[in-house]
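The chain contents come next:
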Protein chains: 2
Amino acid sequence: MDRNMPTNALEHSTIPTLKWVDEADGHLVLVDQTLLPGELRWLECRDVATVREAICVLRVRGAPAIGIAAAYGVCLGLQGYHAHDDEQFFSRLEQVIEDLGSSRPTAVNLSWALARMRRRALELRGGSSLREIREALLAEARAIHEEDRRMCRQIGAHGAALLADGQGVLTHCNAGGLATADYGTALALFFAAQEAGKRLHVYVDETRPLLQGARLTAWELCQRGIDATLICDSMAAQVMREGRVQAVVTGADRIAANGDTANKIGTYGVAVLAAAHDIPFYVAAPTSTFDLSIPDGDHIPIEQRDPREVTHGFGRATAPEGIKVYNPAFDVTPARLIKAIICEHGVIEPVTAERIAREVGGRK
Amino acid sequence: MDRNMPTNALEHSTIPTLKWVDEADGHLVLVDQTLLPGELRWLECRDVATVREAICVLRVRGAPAIGIAAAYGVCLGLQGYHAHDDEQFFSRLEQVIEDLGSSRPTAVNLSWALARMRRRALELRGGSSLREIREALLAEARAIHEEDRRMCRQIGAHGAALLADGQGVLTHCNAGGLATADYGTALALFFAAQEAGKRLHVYVDETRPLLQGARLTAWELCQRGIDATLICDSMAAQVMREGRVQAVVTGADRIAANGDTANKIGTYGVAVLAAAHDIPFYVAAPTSTFDLSIPDGDHIPIEQRDPREVTHGFGRATAPEGIKVYNPAFDVTPARLIKAIICEHGVIEPVTAERIAREVGGRK
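Quick notes on the rules
Along each chain, residues carry numbers from 1 onward, in the same order as the chain's sequence is written. Labels are handed out in written order, letters beginning with A for the chains and numbers beginning with 1 for the ligands. Local features are withheld for residues below a pLDDT of 70 in this predicted model, meaning they are given only at 70 or higher, and side-chain atom pairs are given and counted only at 80 or more; totals for whole chains, interfaces and linings count all residues. Excluded from the side-chain calculation are hydrogens and water; included are all heavy atoms of the structure. Contacts are residue-level and defined by heavy atoms, with any inter-residue pair within 4.5 Å sufficient. Once two parts are joined, some of their accessible surface, as seen by a 1.4 Å probe, is lost; buried area is that loss totalled over both. Here a salt bridge means any side-chain nitrogen of Lys or Arg lying within 4 Å of a carboxyl oxygen belonging to Asp or Glu. The fit set for superposing copies consists of C-alpha atoms from residues with pLDDT of at least 70 in both; the fit itself is least squares. A pair of strands is treated as paired once DSSP finds two or more bridges between them. A run of DSSP states H or I qualifies as a helix once it reaches four residues; a run of E qualifies as a strand once it reaches two. Both are numbered from the N-terminal end. Think of each axis as a best-fit line through the C-alpha atoms, taken over the contacting stretch in the case of a helix, with angles from 0 to 180 degrees between the N-to-C directions. Every residue gets a pLDDT, meaning the predictor's confidence in that residue, from 0 to 100. With a 1.4 Å probe rolled over the protein chains alone, any residue whose accessible area is under 20% of its type maximum counts as buried; one over 50% counts as exposed, and the rest are partly exposed. Defined by distance alone, a disulfide is two cysteine sulfur atoms within 2.5 Å. Here, nonpolar core means buried Ala, Val, Leu, Ile, Met, Phe, Trp, Tyr and Cys residues that are tied together by side-chain atoms lying within 4.5 Å of each other. For the purposes of these results, a polar contact is taken to be a pair of N or O atoms within 3.5 Å, where, inside protein, one atom must be able to donate a hydrogen and its partner to accept one; residues adjacent in sequence count only when each atom of the pair is a side-chain atom. Working definition: rings of Phe, Tyr and Trp (its six-membered ring) pair if their centres are within 6.5 Å, and the pair is stacked with planes under 30 degrees apart, edge-to-face with planes over 60 apart, and tilted otherwise. Both a distance and an angle decide whether a charge sits over a ring: NZ of Lys or CZ of Arg must be within 6 Å of the ring centre and within 35 degrees of the ring normal. It is the directions from the helix axis to the C-beta atoms that the arc portrays.

(A) The arrangement of the interface of chain A and chain B in detail. At the junction of the two partners, chain A supplies 51 residues and chain B supplies 52 residues. A buried area of about 4,300 Å², summed over both sides, lies between chain A and chain B, and 66% of it is on carbon and sulfur atoms. Among the residues of chain A in contact with chain B, L230, F314 and Y326 of chain A are the three that bury the most area, contributing 16% of the side total. On inspection of chain A and its partner chain B, the count reaches four salt bridges. In this structure, the salt-bridge partner of R208 of chain B is E206 of chain A, at a minimum N-O distance of 2.5 Å.

Here's what the structure looks like:
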């Protein structure tokens, strides 16, 4: 338990998912999200391996949060590393970036943050001392962190306008404070709407196999006193049919140039169901989640995860031994099913390559 | 463990879900399905309360199996009951029927079987001794059991013709041997197709919250050597999108006169997804599952179950304390989404009130 962190985050309306602690060389502290909601434990990360492992096993998860963790991870990887020369330093930097970048394949914020760290270092190469570069990289990681915090507020403000008082909304997985530096992307809409005096009722897909909805989103909404109901993923269609929700909002892990959106497995199904029930389906994500280098969703790599997440997800076997399992961690929702994407600059609607290029391309 | 039962059902291709044992007065033995696949344990039922509890907590489940268990339950309720007269006997019969009938509200096979038992008793009232009526009721329960066995084979034969060699098929929940007297309704199609030399690949929705797909269907398919892959319910859309399945087959708990079909929660969502991917959605169910007394699905009562099935389904809490939960056990798939219903008499296609009246109305 780190002394700088609150001993009981339950008392805090916003849970500090990640924090850079300046003591000595400095280190990263993050909430171990695999233990929530049963236990709130902080993990100290003092090296790249710890950050990498935390990303791999989802101790830290959510596209924006992964990007921030990776940026600080770069700082940890260079900390205390005594390079003989510039070349050795930059070789080390590349190694660290590769280690962190290969931790998870789908969320583009990871490679976006790492590319930004590399760019900053290269800008200073030759003209600055290694110590100065290290300091500049920490400043860059802090900037990514701080920008993400602002991004959450901006997305919340833009998106809350789309939700009306008294509406039911459905969300899948966790795109909340735990997935970002502040109060989330999808959940930012709900929090901002609440701050604006709107009462929403949020239906939370539990989000198998790892239950980010049940464990994290339900927890965050309870924390903030937002009226929420947990459902199994298989109940979303029925909840829609009964007229209980008037909007669906999710986050995103990578958005292609045409608007096709990779997000937690199950999102695509929810989008199809929303379309079948004439319910608008919104995606909330910062511009760092856009990958304009790929034309469409077919080019987004989809992470396949351990079958045991499905068969042993809750501490005991829930399926016969030896059964084959298909466990894609993400799916891709085609742009045609997305009514609008809310980013920190505003609302992208309709979701077309042209609109995305205009809103994101020029500013990124 | 009953001596008449196999000590290891793993050795048997068909698992005897229920069995009437003739020793002494006779009693019902059934597989405790809540313990599968980890443990195969037989439950001896010697009174109505045990049967009722078994139905309530899903030790025995699946519409046809519930009907059979309830029929035998009536026999147990009259066994050893010393009625002074005819009136007392029939009053007891009504009490037993009410006890069993209120155990679960959605599956109509339960009330169908109980009504059939009552009818048989009333036929003999006055003209037969109470002992003779008891014997006739046991014979009736055995007939229901035996007819269900034949029904499975007939559904399998009719339905297998709809599936082609090499196809991928998806199923939700468990409509297999464990849900019936023999080898199931939906799964009967797969078993019969296999017997006909067709190789299928079955995708099994795990079926939250109680995981009947993961625990029971995956187990049955493994037992019989059918190529099967377990997925989370939220992955069905992606599996369809990837072209992995060419048909969906589920069972049913109650089918209204117009073909609207109540089945395990999540079925409706799967049907919507199948329609969106141009995949035929089939329902396999015996005529005892039709309830021609109700015009459509709006009249089917939907059981709401304990929130803890969602929040504590795996032996430990997976959601924050106090979170609201919505836990409907069933949903209703409208007839327009069902390509055909396969019953023991044949294939009902298209699914219309007229076709159902013709196929089911006259014969039931």
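What follows continues from the structure just given.
(B) Structural context of the relation of the copies chain A and chain B. Screw-axis analysis of chain A against chain B gives a translation of 0.0 Å along the axis, an RMSD of 0.0 Å, and a rotation angle of 180°. Such a combination of turn and shift is consistent with a two-fold rotation axis. Closest approach to the rotation axis within chain A is made by the C-alpha atom of F314 of chain A, at a distance of 3.0 Å. A shared interface surface links the copies, since 100% of the contact residues of chain A are contact residues in chain B too.

(C) Quick look at the sheet that holds strand β7 (residues 247–250) of chain A. With mixed pairing, eight strands are arranged side by side in an open sheet as β15(A)-β14(A)-β10(A)-β7(A)-β4(A)-β5(A)-β6(A)-β12(B). Two strands bound the open sheet, and with one partner strand each, they are β15 (346–348) of chain A together with β12 (324–325) of chain B. Sheet topology places strand β10 (residues 281–284) of chain A next to strand β14 (residues 340–343) of chain A; three bridges connect them, and they run parallel. Within β14 of chain A, the position partnered with Y282 of chain A by the bridge is A340 of chain A. Its contacts with the sheet place helix α7 (residues 212–223) of chain A against β4 (168–171), β5 (201–205) and β6 (228–231) of chain A, and it is angled at close to 165° to β5 of chain A.

(D) A look at unusual backbone geometry. The omega torsion across R208 of chain A and P209 of chain A is 5°, close enough to zero to call that bond cis. Summarising the element assignment, P209 of chain A is placed in the loop between β5 and α7. Across the junction of L36 of chain B and P37 of chain B, the peptide omega takes the value 0°, indicating a cis bond. Mapped onto the elements, P37 of chain B comes out in the loop between β2 (27–31) and β3 (42–45).

(E) Seen up close, the confidence of the model for chain A. Residues and elements named next belong to chain A. With 95% of its residues at a pLDDT of 70 or more, chain A has an overall mean of 94. Every residue in residues 1–13 is under pLDDT 50, and counting partners more than four places away or in other chains gives 26 contacts. Scored as a whole, the predicted complex attains pTM 0.94, and scored at its interfaces, ipTM 0.93.

(F) Structural detail: the pairing of β2 of chain B. All names here are of chain B. With five of its five residues buried, β2 lies for the most part within the structure. Alternating positions in β2 separate into two faces, H27, V29 and V31 on one and L28 and L30 on the other, with burial throughout. Where strand β1 (residues 18–21) meets β2, four bridges bridge the pair, whose relative direction is antiparallel. Bridge pairing links W20 to L28 in β2. Connecting the antiparallel pair β1 and β2 is a turn made up of five residues, with A24 showing a positive phi of about 45°. Examined bridge by bridge, β2 and β3 share four bridges and lie antiparallel to one another. Paired with V29 across the two strands is E44, which belongs to β3.

(G) Structural view of the state of the cysteines. Counting across every chain of the model gives zero disulfides over all chains. Here C75 of chain A stays unpaired: no disulfide links it, and the sulfur of C45 of chain A, its closest cysteine neighbor, is 13 Å away. Distance from the sulfur of C222 of chain B, which forms no disulfide, to the nearest cysteine sulfur (C232 of chain B) is 16 Å.

(H) Structural view of the nonpolar core. By size, the foremost hydrophobic cluster in this structure holds 144 residues, and its most contacted members are F190 and L221 of chain A together with F190 and L221 of chain B. What F190 of chain B contacts, discounting residues up to four positions off in sequence, is L163, V169, T171, L200, V202, L221, I226 and V249 of chain B. Ranked by size, the runner-up nonpolar core spans 42 residues in total, among them C45, I133, A136 and A181 of chain A.

(I) Examining the environment of I348 of chain A more closely. Residue and element names in this part refer to chain A. Topologically, I348 is positioned in strand β15. Taking relative accessible area as the criterion, I348 reaches 0% and is therefore assigned buried. Here the alpha-carbon distance between I348 and G259, two residues 89 residues apart in the chain, equals 9.7 Å. Every residue in contact with I348, bar those within four places of it in the chain, is listed here: F290, K339, A340, I341, C343, R355, I356, E359 and V360.

(J) Spotlight on the environment of R61 of chain B. Residue and element names in this part refer to chain B. With respect to the element layout, R61 can be found in the loop between α1 (48–56) and α2 (63–78). Along the chain, R61 and R41 lie 20 residues apart, while their C-alpha atoms are 15 Å from each other. Looking at R61, its side chain comes within polar contact range of the main-chain oxygen of N174, at 2.6 Å.

(K) Structural context of the pattern of salt bridges. All names here are of chain A. Using the criterion set out here, one finds 52 salt bridges over all chains in the structure. The partner of E140 in a salt bridge is R120, and the shortest N-O contact between them spans 3.8 Å. Within this pair, whereas E140 is found in helix α5 (residues 130–160), its partner R120 is found in helix α4 (residues 108–124), the two being separated by 20 residues in sequence. Given the relative accessible area of 14%, E140 is considered buried. Under the relative-accessibility criterion, R120 is labelled partly exposed at 25%. Connected through salt bridges with shared partners, the residues R116, R120, E123, E140 and E147 form a single ionic network.

(L) Molecular detail of the packing of aromatic side chains. Considering all chains together, one arrives at six aromatic pairs over all chains under this definition. Judged by centre distance (5.5 Å) and plane angle (70°), the ring pair of F89 of chain A and F90 of chain A falls under edge-to-face. Among the residues examined, F89 of chain A registers a relative accessible area of 0% and is labelled buried. R153 of chain A extends its terminal NZ or CZ atom over the ring of Y183 of chain A, reaching a point 3.8 Å from the ring centre. Here the basic side chain of R224 of chain B rests over the ring of F191 of chain B, its NZ or CZ set 4.3 Å away from the ring centre.

(M) Representation of helix α9 (residues 267–276) of chain B in the model. Residues and elements named next belong to chain B. Buried residues dominate α9, accounting for eight of its 10 residues. Three or more residues of α9 are buried, namely T267, Y268, G269, V270, A271, V272, L273 and A274. Looking one or two residues past α9, D278 carries a phi angle of roughly 55°, positive in sign.

(N) Representation of the pairing of strand β10 (residues 281–284) of chain B in the model. Residues and elements named next belong to chain B. Here β10 shows a buried face lined by F281 and V283 and a second buried face lined by Y282 and A284. Examined bridge by bridge, strand β7 (residues 247–250) and β10 share three bridges and lie parallel to one another. Of the residues in β10, the one forming a bridge with V249 is Y282.

(O) Seen up close, the sheet that holds strand β2 (residues 27–31) of chain A. Residue and element names in this part refer to chain A. Taken in spatial order, the three strands of this open sheet run β1-β2-β3, and their pairing is antiparallel. In this open sheet, the two strands that pair with only one neighbour each are β1 (18–21) and β3 (42–45). Mean inter-strand twist for the sheet, computed between neighbouring axes without regard to direction, equals 25°. Running over the sheet, helix α2 (residues 63–78) touches β1, β2 and β3 and is turned about 20° from β1.

(P) Quick look at helix α1 (residues 48–56) of chain A. Residues and elements named next belong to chain A. Every buried residue of α1 is listed here: V48, V51, A54 and I55. Down the axis of α1, the sector holding all buried residues measures 130°, keeping them to one side. In this structure, the buried residues of α1 make contact with β2, β3, α2, α3 (86–101) and α4. Phi turns positive one or two residues past the end of α1, at L58, with a value near 70°.

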